[in-house]
Amino acid sequence: MAMTPESDLGSASIRSVGPKGVSHQKLFILSLSAASFRGGFSGTLSQNTVFHQQPGTIANPPSWFICLVRLAMASSLPAAKQQLRSLMKQKLSKITQDSITTQSRCIFETLKEFQPYKDARRVSIYLAMPAAEVQTDAIVRHALSVGKQVFVPYLHKSPFQTPDTPARVMDMVHLKDVQDYESLKLDKWGIPSVDPTTVDARIRILGGSDFQNSEPAILDFMVVPGVAFDFDQSGSIRRLGHGKGFYDFFINRYMAKLETKGMAHENPLHLYGLALTEQMVPATSELQIPTDTHDRRLNGLILGNGEIKAGVHEASVSRYPRQDL
């Protein structure tokens with residue numbers, strides 16, 4: 001069976017060499033059209049699924065057809081995400097640094113008075129690129145100054161041998177104090193980065209290759225970056241990252257570790273995105289954020305105008321099979 005992508009975003013056509021009567025028939029899958037991005041490809045298909053009667057579509061599809069649709073969805077999803085990233089990055093490149101500074105300050109003033117953050121003892125904070133996203137320097141300094149344990153990203157070679165896991169993965173490592181934070185060197189993207197030679201002396205949330213058997217370090221509150229954010233029809237907050245999967249993979253590994261220890265429900269993680277107002281995809285847009293089962297929804301979003309948007313509660317469970325983690 002061969003699949004040929006159509007030129008318009010998110011659509012796919014399938015040329016089948018399957019059962020007699022449909023050989024070489026071109027089947028247009030409406031569920032993969034750009035308009036269906038609003039559902040985020042999160043629906044399920046079964047043999048009872050009925051497709052709208054358009055030229056080239058069928059009702060009550062057989063199992064072979066469902067497999068074709070799933071293959072088309074899997075191949076179209078990365079392309080759909082990448083196109084939306086490209087569009088958003090063009091938009092973000094036009095935001096002035098003054099606007100980013102102002103919005104980042106407004107988010108900081110809101111966050112430091114936000115009760116879940118105030119109550120948190122252990123917080124994870126991303127370290128920002130110098131442009132095109134919310135800056136977090138003030139947040140890191142404030143969290144350290146009020147005595148919170150602060151954890152920041154550290155990227156390293158994956159300890160896993162399975163083919164579907166990324167070559168590099170992320171852990172969160174402890175910052176000792178402001179002096180430790182100020183000692184971090186900038187990487188090639190201008191992001192403050194932890195020196196790998198210091199990692200063994202730091203507390204790590206996941207730890208090394210034996211992370212499943214080590215005692216977990218608990219997080220109470222986590223702020224994450226993104227290229228774009230939106231709400232699905234159920235009220236869940238979707239996040240579009242930069243495409244490496246670092247945050248979703250980390251969060252799912254972290255949740256899996258707590259589940260293994262029987263600690264997930266007693267230690268809920270408050271997961272919040274920080275977004276410039278320009279990063280919010282309007283509900284009226286045809287280009288909604290596509291997601292798959294591994295993508296984490298957020299508990300809330302803090303916007304550059306100081307508004308806090310709450311999402312449908314995201315359960316503190318892993319979205320990956322445990323054998324993959």
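Residues numbered from 1 in each chain as written. Predicted model: local features only at pLDDT ≥ 70, side-chain atom pairs only at ≥ 80, totals over all residues. Heavy atoms only, no water.

Our working definition: UniProt positions are given in the numbering used here, feature names are shortened, and annotations may be inferred rather than shown by experiment.
You'll find the protein entered in an unreviewed UniProt entry as 5-formyltetrahydrofolate cyclo-ligase, with Gibberella subglutinans given as the organism. The UniProt entry for the protein carries the following text under Sequence similarities (unreviewed entry): "Belongs to the 5-formyltetrahydrofolate cyclo-ligase family." For the protein, the Catalytic activity (unreviewed entry) comment in UniProt is given as "(6S)-5-formyl-5,6,7,8-tetrahydrofolate + ATP = (6R)-5,10-methenyltetrahydrofolate + ADP + phosphate".

## Overview of helix H6 (residues 246-260)
The cut-off we apply is this: Helix and strand assignments follow DSSP, with helices taken as H or I runs no shorter than four residues and strands as E runs no shorter than two, numbered in order from the N terminus. Each residue after the first adds 1.5 Å to the expected span of a helix. A 1.4 Å probe rolled over the protein chains alone gives each residue an accessible area, and that area as a share of the maximum for its type sets the label: buried under 20%, exposed over 50%, partly exposed in between.
For H6, built from 15 residues, the straight-helix expectation of 21 Å at 1.5 Å per residue is met to within 8% by its first-to-last C-alpha distance of 21 Å. The element H6 is extensively covered by neighbouring structure, given that 13 of its 15 residues are classed as buried. After H6 finishes, the residue Gly262 shows a positive phi value of roughly 70°.

## What about the side chain of Ser104?
Threshold: Note on definitions: a residue-residue contact is assigned when non-hydrogen atoms from the two residues lie within 4.5 Å.
One can find Ser104 in helix H2 (residues 97-111). Contacts of Ser104, omitting those with residues within four sequence positions, involve Val134 and Gln135.

## Looking at the side chain of Ser124
Topologically, Ser124 is positioned in strand E4 (residues 122-125). Assessed through its relative accessible area of 1%, Ser124 is described here as buried. Those residues within four positions of Ser124 in sequence are excluded, and the remaining contacts are Phe151, Met172, Leu219, Phe221, Met222 and Val223.

## Section: the sheet that holds strand E12 (residues 270-275)
Going by this rule: Pairs of strands are assigned from DSSP output, requiring at least two bridges between the strands. Every axis in this analysis is a line fitted to C-alpha atoms, fitted for helices over the stretch in contact. Angles between the N-to-C directions lie between 0 and 180 degrees.
Judged by pairing direction, the sheet is mixed, and its seven strands sit side by side in the order E6-E5-E4-E9-E12-E13-E14 without closing on themselves. Looking at the sheet topology across the chains shown, the edges are occupied by strand E6 (168-175) and strand E14 (308-310). In this sheet, adjacent strand axes meet at a mean angle of 25° when their direction is disregarded. When E4 meets strand E9 (residues 221-224), the two strands line up parallel, connected through three bridges. Among the inter-strand pairings, Val123 is bridged to a residue of E9, identified as Phe221.

## Thoughts on the packing of H2 against helix H4 (residues 137-145)
Going by this rule: Here roughly perpendicular refers to angles of 65 to 115 degrees, roughly parallel to angles under 35, roughly antiparallel to angles over 145, and oblique to all remaining angles. Should the near helix be turned anticlockwise from the far one by less than a right angle, the crossing is termed left-handed; should it be turned clockwise, right-handed. Note on residue classes: Ala, Val, Leu, Ile, Met, Phe, Trp, Tyr, Cys and Pro are nonpolar, Asp, Glu, Lys and Arg are charged, and everything else, Gly too, is polar.
One can describe the packing of H2 onto H4 by two numbers: an axis separation of 9 Å at closest approach and a directional angle of 25°. As judged from the angle between their axes, H2 and H4 are roughly parallel. Here H2 runs over H4; the crossing is right-handed. Contact with H2, carried on its side by Arg105, Phe108 and Leu111, involves Ala138, Ile139 and His142 of H4 and no other residues of that element. Taken together, the residues of the contact of H2 with H4 sort by class into four nonpolar, one polar and one charged.

## Some remarks on H2
The periodicity of an α-helix, 3.6 residues per turn, causes residues three or four positions apart to be oriented the same way. Put simply, the test is: The directions considered for the arc are those from the helix axis to the C-beta atoms.
The end-to-end C-alpha separation of H2 is 21 Å, in line with the 21 Å expected for 15 residues at 1.5 Å each. When H2 is considered as a whole, its buried residues turn out to be Ile100, Gln103, Ser104, Ile107, Phe108, Thr110 and Leu111. The buried side chains of H2 occupy one side of the element, clustering within an arc of 160° when seen end-on. Every exposed residue of H2 that faces more than 90 degrees away from the buried side is listed here: Asp98 and Thr102. Here the buried face of H2 lies against helix H3 (115-119), H4, E9, E12, strand E13 (300-303) and E14.

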